[in-house]
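Coordinate analysis (summary)
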Amino acid sequence: MIETKHITYESLIEGNKEWVAETLKQDADYFNRLASGQKPPVLWIGCADSRVPANQITGTLPGEIFVHRNIANVIVHNDMSMLSVLDYAVNVLKVEHVIIAGHYGCGGVAAAMTDKQYGLIDNWLRNIKDVYRLHKAEIDAIADQEEKVRKMVHLNVIEGVNKLCGTSIIQNAWARGQELEVHGWVIDIETGFIKDLEVTCNSNDDFDHIFKLA
């Protein structure tokens with residue numbers, strides 16, 4: 001488990017002041033440019049886990065990635081929060097890439113692989129259990145429990161890519177010729193590296209016809 005310093009409410013405010021001072025020392029015009037607006041080329045849909053922040057992992061700065069995060073980076077077609085972020089990113093910001101980013105060691109995926117009750121979150125984790133149901137034979141054929149969970153992390157991302165491509169938001173963007181790619185990644189927390197699952201979609205031809213909208 002990562003060792004963290006003791007954090008208080010006051011220390012967060014002080015940390016902000018130190019960050020602003022250090023940032024201005026390096027670039028006096030930084031915040032003026034940041035305040036002028038945003039035009040990020042990437043939408044990141046990731047896990048809410050505190051260990052997988054989009055900007056640090058990709059070496060990018062504030063303003064360069066538009067971010068939505070939830071427990072276990074799940075894509076649900078009636079999640080109005082996710083859909084609103086996606087709609088704004090695609091139709092207003094005109095992002096060129098949408099990345100679904102899972103990670104090894106995901107507590108949400110691991111929890112969904114058990115029969116334990118955790119409370120309200122069980123209703124959310126049901127979406128991951130559905131992924132397990134779809135791939136049950138493949139998962140059950142894996143003897144090692146840790147490897148089962150790692151495989152489920154992959155499959156949860158892949159199913160998320162499929163679901164995202166099936167939204168009217170993405171399909172309509174492709175139909176009007178907008179350049180847009182949807183990617184699936186997994187972050188290895190133990191090494192820090194990103195694993196591209198190579199499931200990129202960039203047109204309506206890249207996924208099952210049953211989800212295509214006329």
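Here the structure is a predicted model, which means the values were calculated and not measured.

The rules behind each value
Residues numbered from 1 in each chain as written. Predicted model: local features only at pLDDT ≥ 70, side-chain atom pairs only at ≥ 80, totals over all residues. Heavy atoms only, no water. Helix = DSSP H or I, 4+ residues; strand = E, 2+ residues; numbered from the N terminus. Buried < 20%, exposed > 50% of the residue type's maximum accessible area, 1.4 Å probe, protein only. Contact = heavy atoms within 4.5 Å. Areas by Shrake-Rupley, 256 points an atom, 1.4 Å probe, with all protein chains shown as cover. Lys, Arg positive; Asp, Glu negative; His and termini not counted. Charge placed at Lys NZ, Arg CZ, Asp CG, Glu CD. Domains from an automatic or database assignment. Axes fitted to C-alpha atoms, helices over the stretch in contact; angles between N-to-C directions. Parallel < 35°, antiparallel > 145°, perpendicular 65-115°, else oblique. Left-handed = near helix turned anticlockwise from the far one by under 90°.

**Observations concerning the overall build of the protein**
Across its full length, the protein holds 9 helices and 5 strands. N-terminal to C-terminal, the α/β element order of the protein is α-α-β-α-β-α-β-α-α-α-α-α-β-β. Projected onto its principal axes, the C-alpha coordinates of the protein cover approximately 55 × 45 × 30 Å. Counting across all 214 residues of the protein, residues that qualify as buried make up 38%. Considering only intrachain contacts with a sequence separation of at least 6, the fraction spanning at least 24 residues in the protein is 64%. Within the structure as shown, the protein displays about 12700 Å² of accessible surface, and the carbon and sulfur contribution to it stands at 54%. Averaged over its 20 positive side-chain charges, the protein has a centre that lies 4 Å from the centre of its 30 negative ones.

**Notes on the domain arrangement of the protein**
By domain assignment, the protein separates into domain 1 (1–37) and domain 2 (39–201). Between the C-alpha centres of domain 1 and domain 2 there is a distance of 28 Å.

**A short note on the packing of helix 4 (residues 80–91) against helix 9 (residues 168–175)**
Packing of helix 4 against helix 9 brings their axes to within 9 Å, and their N-to-C directions diverge by 15°. In terms of orientation, helix 4 and helix 9 fall into the roughly parallel class. In this structure, helix 4 meets helix 9 at a crossing whose hand is right-handed. Each of Leu83, Leu86, Asp87, Val90 and Asn91 in helix 4 lies in contact with helix 9, whose residues at this interface are Ile169, Ile170 and Ala173.

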